Amino acid sequence: MVFVALHADRSRVDATLDDLGCAWMWSEIHRRRPRVVLHCQQCAHQVHAKVSTGGLRYFAHDPERDPHCPAARETMEHHLLKLEPATAVRSTGWSAKLEATRPGAPWRADVPAISSDGTRTMAWEAQLSAITAEEVGERSGRLAAAGVPVCWVGVKPHRWMGGAPSIVAQPPAERGGQRHIRPVPP
C-alpha cells in the first residue's frame, strides 16, 4: 500500500490530495477500465487505485509486485502516521508530499514540507519502529547538512525524543478519527 503513484504523463499522483496533486479527480483513476497505468515510486511495479472500507484512498501493488519493495515493509500504522504531519502542514498553506524529496536533493523524507513561497523546506519523519538516539541524530544530521530541519513524529513518548525536535500524534482510532498532534516536552 502506498499513497503516491507515478503516471507517465501526470508524474506524481497523491491519493491524499483532493486533486491528486495533478489536477485529476479520484473518479478518473479509481475503478476505470481499461485501468489507468500507475507505478509505485519506490519499486516501479504497477499499482492500482483502491479505497479502504473506512474510505481511505490509496494505491495497492498488483499481485505480481516485488516483495522487496520498501513500501511493503511499512505497516498501515506507519502509513497513517505520515498523514498526520502532512495534513497539519497542508492546513497552514504549506505543501506536503509523502515519501518525496526536493528536485536534486540528496535526501528523502516521509513528509517533506515546502513553504507557500517555496523558500523553506522542512522534513517530517514518522517513527514507530525501534530506533536509537544516535540513529535519530545521524538521520537528522544528514538532513541538516542539506539545510533541511526535521521533526520526528511518534505515537508515544520515546527516550530518543528529547534529543531531537519531535511530537506525539495520537493514533486516529484512539480519538474518534480526529487529527491531533502535540509537542513533546524537552
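Notes on the structure follow. (Residues numbered from 1 in each chain as written. Predicted model: local features only at pLDDT ≥ 70, side-chain atom pairs only at ≥ 80, totals over all residues. Heavy atoms only, no water.)

**Quick word on helix α1 (residues 76–91)**
Next up, step 1: An ideal rise of 1.5 Å per residue puts 22 Å on 16 residues; α1 measures up with 23 Å between its terminal C-alpha atoms.
Next up, step 2: Residues of α1 that are buried: His78, His79, Leu81, Lys82, Leu83, Glu84, Pro85, Ala86 and Val89.
Next up, step 3: At the exit of α1 stands Gly93, carrying a positive phi of roughly 100°. (Helix = DSSP H or I, 4+ residues; strand = E, 2+ residues; numbered from the N terminus. Expected span 1.5 Å × (residues − 1). Buried < 20%, exposed > 50% of the residue type's maximum accessible area, 1.4 Å probe, protein only.)

**A word on the pairing of strand β8 (residues 121–126)**
Next up, step 1: Burial runs high along β8: five of the six residues are buried.
Next up, step 2: As defined by bridge partners, strand β7 (residues 111–114) adjoins β8 across four bridges and the pair is classed as antiparallel. By the bridge assignment, Ala113 is partnered in β8 with Met122.
Next up, step 3: Linkage of β7 to β8, two consecutive antiparallel strands, is achieved through a turn of six residues, within which Gly118 is found at a positive phi near 75°.
Next up, step 4: Relative to strand β9 (residues 150–154), β8 runs parallel, the two sharing four bridges. Across the sheet, Trp124 pairs through a bridge with Cys151, a residue of β9.
Next up, step 5: With helix α2 (residues 133–145) bridging β8 and its parallel neighbour β9, the resulting β-α-β unit is right-handed. (Pairing = 2+ DSSP bridges. Right-handed = clockwise from strand over helix to strand, strands pointing away.)

**Some words on the sheet that holds strand β3 (residues 38–40)**
For sheets, the rule is that strands pair by backbone hydrogen bonds, running either parallel or antiparallel.
Next up, step 1: On the basis of which strands lie adjacent, the open sheet formed by five strands has the order β2-β1-β3-β4-β5 and antiparallel pairing. One side of each edge strand has no neighbouring strand; the edge strands of this open sheet are β2 (11–14) and β5 (57–61). Averaged over all adjacent pairs, the angle separating strand axes in this sheet is 50°, with direction ignored.
Next up, step 2: In the sheet, β3 pairs with strand β4 (residues 46–51) via two bridges, with the strands oriented antiparallel. In the sheet register, His39 faces β4, and the bridge partner there is Gln46. (Axes fitted to C-alpha atoms, helices over the stretch in contact; angles between N-to-C directions.)

**Focus on the environment of Gly163**
Next up, step 1: Considering the arrangement of structural elements, one finds Gly163 in the loop between β9 and β10 (166–169).
Next up, step 2: Sequence separation between Gly163 and Val136 is 27 residues, and the spatial gap between their C-alpha atoms is 8.3 Å.

**Considering unusual backbone geometry**
Where the residue is not glycine, phi is negative for most of them; where a peptide bond is considered, it is trans in most cases.
Next up, step 1: Here the bond from Arg33 into Pro34 is cis, since omega is -5°, no more than 30 degrees from zero.
Next up, step 2: When you line up the elements, Pro34 lands in the loop between β2 and β3.
Next up, step 3: Backbone geometry places Ser11, a non-glycine residue, at a positive phi of 65°.
Next up, step 4: The residue Ser11 is located in strand β2 in this model.
Next up, step 5: Here Ser11 falls in the partly exposed class, since its relative accessible area comes to 46%.
Next up, step 6: We note that Ala23 has phi near 60°; this positive angle belongs to a residue other than glycine.
Next up, step 7: The exposure class of Ala23 is exposed, given its relative accessible area of 63%.

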